Amino acid sequence: MTEDIDMRANDTDWIRVTSTDGFSYIVKRKVANVSGTMKNMLDTESNYAEAITRTCPVMQRGIIVEKMLEYMAFRAHYETVGPKEDIPVHEFMERLPPEIVLEL
């Protein structure tokens, strides 16, 4: 007998993002939804395997995936900021190692 699984998605769900070199990162769905591609992959109405397993494979090295997710978390955090508030973009830019900038 199989149990019914609650497939409703909410922003507090945890999503696993994997890189080609075996690294895994766990982020909130709200962060993953910053990417339109990941949002579509994780849409429970789509019946994609990623939506069922809550795992998104990204065909990049771990350091690139890490910085991509860092940017997505930065963007998700500051998306509700009003137009008069200052967004610390330089703070984020300082965390980018020069040797991976072209890959990003």
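Residues numbered from 1 in each chain as written. Predicted model: local features only at pLDDT ≥ 70, side-chain atom pairs only at ≥ 80, totals over all residues. Heavy atoms only, no water.

This part takes up the environment of Ser-24. Positionally, Ser-24 belongs in strand E2 (residues 24-28). By relative accessible area, Ser-24 is classed as partly exposed at 37%. Distance from Ser-24 to Cys-56, taken between C-alpha atoms, is 9.6 Å for residues 32 residues apart in sequence. Residue contacts for Ser-24: discarding those within four places in its chain leaves Arg-16, Val-17 and Thr-18. (Helix = DSSP H or I, 4+ residues; strand = E, 2+ residues; numbered from the N terminus. Buried < 20%, exposed > 50% of the residue type's maximum accessible area, 1.4 Å probe, protein only. Contact = heavy atoms within 4.5 Å.)

Under the criterion given, the structure shown has six salt bridges. Across the pair Glu-103 and Arg-61 runs a salt bridge, and its minimum N-O distance is 2.6 Å. Taken as a pair, Glu-103 in the segment after helix H5 (89-93) and Arg-61 in the loop between strand E3 (55-57) and helix H4 (62-78) lie far apart in primary sequence, 42 residues in all. Residue Glu-103 is classed as partly exposed on the basis of its relative accessible area of 40%. The class for Arg-61 is partly exposed, based on a relative accessible area of 38%. Among the salt bridges present, the one from Glu-70 reaches Arg-95, with a minimum N-O distance of 2.7 Å. Taken together, the residues span a long stretch of sequence, with Glu-70 in helix H4 and Arg-95 in the segment after H5 at a distance of 25 residues. Glu-70 sits in the partly exposed class, given a relative accessible area of 21%. (Salt bridge = Lys/Arg side-chain N within 4 Å of Asp/Glu carboxyl O.)

We now examine the side chain of Glu-50. Counting through the fold element by element, Glu-50 comes out in helix H3 (residues 49-53). Here Glu-50 occupies a buried position and makes no salt bridge, while the nearest side chain of opposite charge, Arg-29, is found at 11 Å. Other than its neighbours up to four places away in sequence, Glu-50 contacts Met-41, Leu-42, Thr-55, Cys-56 and Pro-57. (Lys, Arg positive; Asp, Glu negative; His and termini not counted.)

What follows covers the nonpolar core. Ile-15, Val-17, Val-27, Met-38 and Leu-69 are the most contacted members of the largest nonpolar core, which has 16 residues in total. Elements that contribute at least two residues to this core include exactly strand E1 (14-18), E2, helix H1 (29-32), helix H2 (36-41) and H4. The element best represented in this core is H4, accounting for four residues. Leave out the neighbours within four places in its chain, and Val-27 touches Asp-13, Trp-14, Ile-15, Val-17, Ala-32 and Leu-69. (Core = buried A, V, L, I, M, F, W, Y, C linked by side-chain atoms within 4.5 Å.)

In short, the description is geometric, and any link to function would need to be established separately.
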